[in-house]
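# Structural characterization, general
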Amino acid sequence: HADIAIIPPDEERDFYTLVTMGMGAYRMNAPKDLNPQRAELMITLPRDWEIKNSNEEWYWPVRWLKILARFPLQEKTWLGWGHIIPNGEPFSENTKLSGLLLLNPYTGDEKDESLILTNGETLSFYQLIPLYEEEMEFKIKNGTEKLLELFQDNLPNQDASAPCSFA
């Protein structure tokens with residue numbers, strides 16, 4: 001079971017933050033030397049996102065949080081920084097976004113990337129960044145770092161500490 005916590009926009013954050021709750025209850029089947037073995041996922045959505053709308057054009061980010069929160073346990077695998085997850089087609093009829101990239105959260109505070117559990121294990125947070133097919137192909141050919149450089153080089157004058165969100 002995977003729940004989704006919805007943190008609404010406020011005076012400091014002009015976006016929704018959705019975070020899985022439950023994925024980190026299980027260790028992923030990751031390489032032994034990989035730390036952490038546990039993770040939760042998040043995504044940010046614009047203030048005007050119809051968060052309670054169950055039509056697929058609005059619901060697909062929630063659906064994918066739930067799918068990916070269960071994925072490591074169901075498939076006996078793991079998810080981590082830099083992984084991409086292709087959908088094979090656009091997420092809904094109103095977008096051409098068709099894949100997801102897992103990155104550390106962009107909160108401006110490194111402490112938000114992970115937390116230490118009471119048993120001493122580390123749980124990481126990964127932010128889902130929706131991608132177009134061309135961006136996924138670029139990442140596969142050139143790597144995550146080069147894709148991030150390309151994004152940075154093409155940002156309008158924007159606060160670098162602002163989270164990635166999309167419309």
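Residues numbered from 1 in each chain as written. Predicted model: local features only at pLDDT ≥ 70, side-chain atom pairs only at ≥ 80, totals over all residues. Heavy atoms only, no water.

### Some remarks on unusual backbone geometry
Although it is not a glycine, Lys76 sits at a positive phi angle of roughly 55 degrees. Residue placement: Lys76 occurs in the loop between helix H1 (56-75) and strand S4 (84-86). Of the residues examined, Lys76 reaches a relative accessible area of 62% and is grouped as exposed. (Helix = DSSP H or I, 4+ residues; strand = E, 2+ residues; numbered from the N terminus. Buried < 20%, exposed > 50% of the residue type's maximum accessible area, 1.4 Å probe, protein only.)

### A word on the pattern of salt bridges
This model, assessed by the stated rule, comprises 6 salt bridges. A salt bridge links Asp14 to Arg47; its shortest N-O distance comes to 2.4 Å. Within this pair, whereas Asp14 is found in the loop between strand S1 (3-7) and strand S2 (15-21), its partner Arg47 is found in the loop between strand S3 (38-46) and H1, the two being separated by 33 residues in sequence. Classification of Arg47 as partly exposed rests on a relative accessible area of 42%. The salt bridge partner of Glu56 is Arg63, with a shortest N-O separation of 2.5 Å. Residue class for Arg63 comes out partly exposed when judged on its relative accessible area of 34%. Counted as one network, the salt bridges with shared partners bring together Arg27, Arg38 and Glu121. (Salt bridge = Lys/Arg side-chain N within 4 Å of Asp/Glu carboxyl O.)

### Overview of the packing of helix H2 (residues 133-142) against helix H3 (residues 144-153)
It is the contact of H2 with H3, at a shortest axis distance of 7 Å, that shows an interaxial angle of 130 degrees. Between H2 and H3, the interaxial angle falls into the category oblique. In this structure, H2 uses Glu135, Phe138, Lys139 and Asn142 to contact H3, whose residues at the interface are Thr144, Lys146, Leu147, Leu150 and Phe151. Of the residues in the contact of H2 with H3, the class split is 4 nonpolar, 2 polar and 3 charged. (Axes fitted to C-alpha atoms, helices over the stretch in contact; angles between N-to-C directions. Parallel < 35°, antiparallel > 145°, perpendicular 65-115°, else oblique. Contact = heavy atoms within 4.5 Å. Nonpolar A, V, L, I, M, F, W, Y, C, P; charged D, E, K, R; others polar.)

### Some thoughts on the nonpolar core
One finds Leu18 and Leu68 to be the most contacted residues of the largest nonpolar core, which totals 27 residues. Looking at which element gives the most residues to this core, the answer is H1, with 7 residues. In this view, Leu68 contacts Met23, Leu41, Leu79, Ile85, Leu100 and Leu128; residues no more than four positions away in its chain are not counted. Leu101, Leu103, Ile129 and Leu148 belong to the second-largest nonpolar core, a separate cluster that totals 7 residues. (Core = buried A, V, L, I, M, F, W, Y, C linked by side-chain atoms within 4.5 Å.)

### Focus on the pairing of strand S7 (residues 122-131)
The element S7 is extensively covered by neighbouring structure, given that 10 of its 10 residues are classed as buried. Residues of S7 alternate between two faces, with Thr122, Ser124, Tyr126, Leu128 and Pro130 on one and Leu123, Phe125, Gln127, Ile129 and Leu131 on the opposite face, all of them buried. Direction of pairing for strand S5 (residues 99-103) relative to S7: antiparallel, over a ladder of 5 bridges. Bridge pairing links Leu102 to Leu128 in S7. Across 3 bridges, the pairing between strand S6 (residues 114-116) and S7 is antiparallel. Each bridged residue has a counterpart across the sheet, and for Leu115 the counterpart in S7 is Leu123. (Pairing = 2+ DSSP bridges.)

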